[in-house]
Amino acid sequence: MTQHTPTGDLDPFFVFEFRPIDEPDEHDPDRRPSTYWDLERGCRGPHPLPDWVVTDRGAVDTDLGTIKTGKEADVLLVRREATDGSGHTALMAAKRYRDDRHRSFHRSAAYTESRRARRSRDTRALDRKSSYGRQVAASMWAQAEWQALCRYWEAGVAVPYPVQVDGTEILMEFVGDDGLAAPRLAQTRPDPDVLGHYFEQVRDAMVRLAAQGVTHGDLSPYNVLADGERIVLIDLPQVVDIVANPQGMDFLLRDCENICRWFGARGLHVDARELFGELVSFAV
Ligand SMILES: Nc1ncnc2c1ncn2[C@@H]1O[C@H](COP(=O)(O)OP(=O)(O)O)[C@@H](O)[C@H]1O
Ligand SMILES: [Mg+2]
């Protein structure tokens, strides 16, 4: 009796598995089709698109590794490759909000005075701390950061270009070189001239935020990346309205103090109160 194999009676020598190399390999869990064009328009980044953004409809995403795991989010390095033969590839940072985080969205009341969950089902789920509730909270943080990135990138603030948001995951410009993430400002020991240049860029970003009526809300040398000569502000889900939020001024002052303390300790003559006063004048 002949044995029935998927290849019938063919000599296995002549049988090979056909898989076009440009197709995502569904067996590789780290490789998947890009969801860029499946998303609603508002979930794709603002125009004009930087030329490094891969918009090929057949593009494939691959996780290349973890940049940082945190209590609230994990940040991974993701490569997006076009499969249209253009050879276009881009590295992106994927910030994935965890839905098992301890901090729930509505409990961080100070940050969210003017940003409440609208759907009552969502509000109840947040209260119950159900897994659905945690999922809602994670997506709300992702949405909040997404909107901040889009709005302030368009206002010319030095933040990573936001490529897309998909549920609890934001894909954004990877700040770094050759797959190596830029260090946080806190990890750097810049020369005096670079130090002054860095401060001017942080100040400029704060001024642009203030002119939009907001402050970062969690600004510190840990949420500023030093990419060579360039400074980039990250981690913006909790951006605070300086005037509408009753604690807006406190957040603004704290952001100024955190930044000036670090630059001051490295020998730059900067004054938090002076910076605060200057930013207030832009905000009102
Ligand atoms: N766009 C990015 N490019 C390169 N590295 C990034 C980027 N975004 C975040 N990171 C890295 O991931 C870390 C955590 O990101 P962050 O947004 O600060 O999240 P959280 O502090 O909430 O965990 C950062 O300190 C930085 O090292
Ligand atoms: Mg951070």
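Residues numbered from 1 in each chain as written. Chains lettered and ligands numbered in written order. Predicted model: local features only at pLDDT ≥ 70, side-chain atom pairs only at ≥ 80, totals over all residues. Heavy atoms only, no water.

Chemist: Could you give an account of the confidence of the model for the protein chain, naming the residues involved and the relevant values?
Modeler: Averaged over every residue, the pLDDT of the protein chain is 88; the share at 70 or more is 82%. In the predicted structure, residues 1–5 sits below a pLDDT of 50 and forms 1 contact with residues beyond four places in sequence or in another chain. (pLDDT = per-residue confidence, 0-100. Contact = heavy atoms within 4.5 Å.)

Chemist: Provide a residue-level description of the site of ligand 1, including the pertinent values.
Modeler: Of all residues adjacent to ligand 1, which total 16 residues, the nearest are Lys95, Glu173, Val175, Asn223 and Asp235. Valine 175 places a polar main-chain atom, nitrogen or oxygen, 2.9 Å from a nitrogen atom of ligand 1. One nitrogen or oxygen atom from the side chain of arginine 184 is found 3.3 Å from an oxygen atom belonging to ligand 1. With the chains in place, 92% of the 540 Å² that ligand 1 exposes on its own is no longer accessible. Listing elements by their share of the shell around ligand 1, those giving two or more residues are strand 2 (60–69), strand 4 (89–97) and strand 6 (169–173). Of the residues belonging to the shell around ligand 1, the class tally is 10 nonpolar, 1 polar and 5 charged. (Near = heavy atom within 4 Å. Polar contact = N/O pair within 3.5 Å; in protein donor to acceptor, adjacent residues only side chain to side chain. Areas by Shrake-Rupley, 256 points an atom, 1.4 Å probe, with all protein chains shown as cover. Helix = DSSP H or I, 4+ residues; strand = E, 2+ residues; numbered from the N terminus. Nonpolar A, V, L, I, M, F, W, Y, C, P; charged D, E, K, R; others polar.)

Chemist: Any chance you could break down helix 4 (residues 192–211) for me, citing the residues and the numbers?
Modeler: Along its 20 residues, helix 4 runs 28 Å from first to last C-alpha, staying within 8% of the 28 Å computed at 1.5 Å per residue. The elements touched by buried residues of helix 4 are helix 3 (131–154), strand 9 (214–215), strand 10 (224–227), strand 11 (230–233), helix 5 (248–265) and helix 6 (272–283). Just beyond helix 4, the residue with positive phi is glycine 213, at close to 85°. (Expected span 1.5 Å × (residues − 1).)

Chemist: Could you give me a rundown of the pairing of strand 5 (residues 162–166), with the residues and numbers involved?
Modeler: Most of strand 5 is tucked away: 4 of the 5 residues are buried. Relative to strand 6, strand 5 is paired through 4 bridges, and the arrangement is antiparallel. The residue of strand 6 that forms the bridge with glutamine 164 is leucine 171. Two successive antiparallel strands, strand 5 and strand 6, enclose a turn made up of 2 residues, where glycine 167 displays a positive phi of approximately 65°. (Buried < 20%, exposed > 50% of the residue type's maximum accessible area, 1.4 Å probe, protein only. Pairing = 2+ DSSP bridges.)

Chemist: Provide a residue-level description of the side chain of asparagine 223, including the pertinent values.
Modeler: Within the secondary structure layout, asparagine 223 lies in the loop between strand 9 and strand 10. Relative accessible area serves as the criterion here: at 8%, asparagine 223 is assigned to the buried category. From its side chain, asparagine 223 meets the backbone oxygen of aspartate 218 in a polar contact 2.9 Å long. Only 3.4 Å separates the side chain of asparagine 223 from the side chain of aspartate 235, close enough to count as a polar contact. Those residues in contact with asparagine 223 that lie beyond four places of it in its chain are His216, Asp218, Val232, Leu233, Ile234 and Asp235.

Chemist: Explain the side chain of glutamine 238 to me, using residue names and the numbers behind them.
Modeler: Along the chain, glutamine 238 falls in the loop between strand 11 and strand 12 (240–241). Owing to a relative accessible area of 3%, glutamine 238 belongs among the buried residues under this scheme. Reaching out from glutamine 238, the side chain makes a polar contact with the backbone oxygen of histidine 216 at a distance of 3.2 Å.

Chemist: Could you give an account of the coordination of the magnesium ion (ligand 2), with specific residues and numbers?
Modeler: The protein atoms that coordinate the magnesium ion (ligand 2) are Asn223 (OD1) and Asp235 (OD), at distances spanning 2.2 Å. Residue asparagine 223 is found in the loop between strand 9 and strand 10, and its partner aspartate 235 is found in the loop between strand 11 and strand 12; the two are separated by 12 residues along the sequence. (Donors = N, O, S within 2.8 Å, 3.2 Å for Na, K, Ca; no water.)

Chemist: Kindly report on the packing of aromatic side chains, identifying the contributing residues and their values.
Modeler: Enumeration over the complete set of coordinates arrives at 5 aromatic pairs. Between tryptophan 153 and tyrosine 161, the aromatic rings sit 4.7 Å apart at their centres with planes inclined by 75°, giving edge-to-face as the arrangement. When its relative accessible area of 1% is taken as the criterion, tyrosine 161 is described as buried. Ring pairing ties together the aromatic residues Trp52, Trp153 and Tyr161, which thus form one cluster. Taking the ring centre of tyrosine 36 as reference, the NZ or CZ of arginine 44 above it sits at 5.7 Å. (Phe/Tyr/Trp six-rings, centres within 6.5 Å; stacked < 30°, edge-to-face > 60°. Lys NZ or Arg CZ within 6 Å of the ring centre and 35° of its normal.)

Chemist: Break down helix 3 for me, with residues and values.
Modeler: When the terminal C-alpha atoms of helix 3 are compared, their 34 Å separation across 24 residues agrees well with the 34 Å that a helix rising 1.5 Å per residue should span. The positive-phi residue at the C-terminal boundary of helix 3 is glycine 156, with phi of around 80°.

Chemist: Report on the pattern of salt bridges, specifying residues and quantitative values.
Modeler: Counted by the stated rule, this structure contains 14 salt bridges. With a closest N to O distance of 2.9 Å, aspartate 63 and arginine 32 form a salt bridge. Note that aspartate 63 is positioned in strand 2 and arginine 32 in strand 1 (residues 31–33), a separation of 31 residues in sequence. Judged by its relative accessible area of 15%, aspartate 63 is buried. (Salt bridge = Lys/Arg side-chain N within 4 Å of Asp/Glu carboxyl O.)

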